[in-house]
Amino acid sequence: MKKKQILIACGAGIATSTIVNDAIESMCKENNIPANLVQIKITEVGGYIDTADLLISTTIVQKEYPFPVINARAFLTGIGLDEAKAEILEELKK
C-alpha cells in the first residue's frame, strides 16, 4: 500500500489540527495504514494539490480539491465521531 499524504487543516494550523492529527495518527497505526500527516493552515492546502490524498479539516472548506475532503469537527465536539472515523478509514483504505 502506498503511503498516503493526509492534510490536517484548521484556521491557524495549530490548536484544533493538533487534536485531529493525534487521533488520525493513532487510527493509521491501529489499522496499519502508512501515512504522512501534514498539519497546515486551511489557506495552505493549495500547495499540496499534486501530492495530497485526503484533506481533513476542522474549518469549513470553500474550495473544490482533486482529493476527498472530510470535516473533522466531530473530533472536537465528540458528536458523530464514530461516523467521521469510519469515513476517514474508508478513504484511506482505497
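Residues numbered from 1 in each chain as written. Predicted model: local features only at pLDDT ≥ 70, side-chain atom pairs only at ≥ 80, totals over all residues. Heavy atoms only, no water.

A.B. asks: Would you mind going over the overall build of the chain with me for this structure?
C.D. replies: On a plain count of helices and strands, the chain comes out with three helices and four strands. Its helices and strands taken in sequence order, the chain reads β-α-β-β-β-α-α from the N to the C terminus. Relative to a compact globule of 94 residues, whose C-alpha radius of gyration would be 12 Å, the chain shows 12 Å and is just as compact. Seen through its C-alpha atoms, the chain measures out along the principal axes to roughly 30 × 30 × 20 Å. Across the 94 residues that make up the chain, the buried fraction comes to 36%. Expressed as a percentage of contacts within the chain between residues at least 6 apart in sequence, the contacts between residues at least 24 apart total 60%. Only carbon and sulfur atoms are counted for the fraction: they give 51% of the accessible area of the chain, which is about 5,400 Å². Counting 10 positive and 12 negative side-chain charges, the chain places the centres of these two groups 4 Å from one another. (Helix = DSSP H or I, 4+ residues; strand = E, 2+ residues; numbered from the N terminus. Rg over C-alpha atoms; globule rule 2.2 N^0.38 Å. Buried < 20%, exposed > 50% of the residue type's maximum accessible area, 1.4 Å probe, protein only. Contact = heavy atoms within 4.5 Å. Areas by Shrake-Rupley, 256 points an atom, 1.4 Å probe, with all protein chains shown as cover. Lys, Arg positive; Asp, Glu negative; His and termini not counted. Charge placed at Lys NZ, Arg CZ, Asp CG, Glu CD.)

A.B. asks: Can you help me understand unusual backbone geometry in this one?
C.D. replies: Comment: phi is negative for the bulk of residues other than glycine, and the bulk of peptide bonds are trans. For Asn32, which is not a glycine, the phi torsion comes out positive at approximately 50 degrees. Inspection of the secondary structure assignment puts Asn32 in the loop between helix 1 (15–30) and strand 2 (35–41).

A.B. asks: Looking at this model, I keep getting lost on helix 1. Mind explaining?
C.D. replies: Every α-helix winds through 3.6 residues per turn, so residues three or four apart in the chain are directed the same way. With 16 residues, helix 1 extends 24 Å from end C-alpha to end C-alpha; this agrees with the ideal 22 Å at 1.5 Å per step. Taken residue by residue, helix 1 has Ser17, Val20, Asn21, Ile24, Met27 and Cys28 as its buried positions. Summarising the axial view, the buried residues of helix 1 lie within an arc of 130 degrees, below the 170-degree limit, and thus occupy one face. Within helix 1, the exposed residues directed more than 90 degrees away from the buried face are Ala15, Lys29 and Glu30. Of the surrounding elements, those touching the buried residues of helix 1 are strand 1 (4–10), strand 2, strand 3 (54–57), helix 2 (74–77) and helix 3 (81–92). Once helix 1 ends, the next one or two residues include Asn32, with phi positive near 50 degrees. (Expected span 1.5 Å × (residues − 1). Arc of directions from axis to C-beta.)

A.B. asks: What's the story with the side chain of Thr58 in this structure? I'm lost.
C.D. replies: Along the chain, Thr58 turns up in the loop between strand 3 and strand 4 (69–71). Here Thr16 takes part through its side chain, which lies 2.9 Å from a polar atom of the side chain of Thr58. Apart from the residues within four sequence positions on either side, Thr58 is in contact with Ala9, Cys10, Thr16, Val20, Ala72, Arg73 and Leu76. (Polar contact = N/O pair within 3.5 Å; in protein donor to acceptor, adjacent residues only side chain to side chain.)

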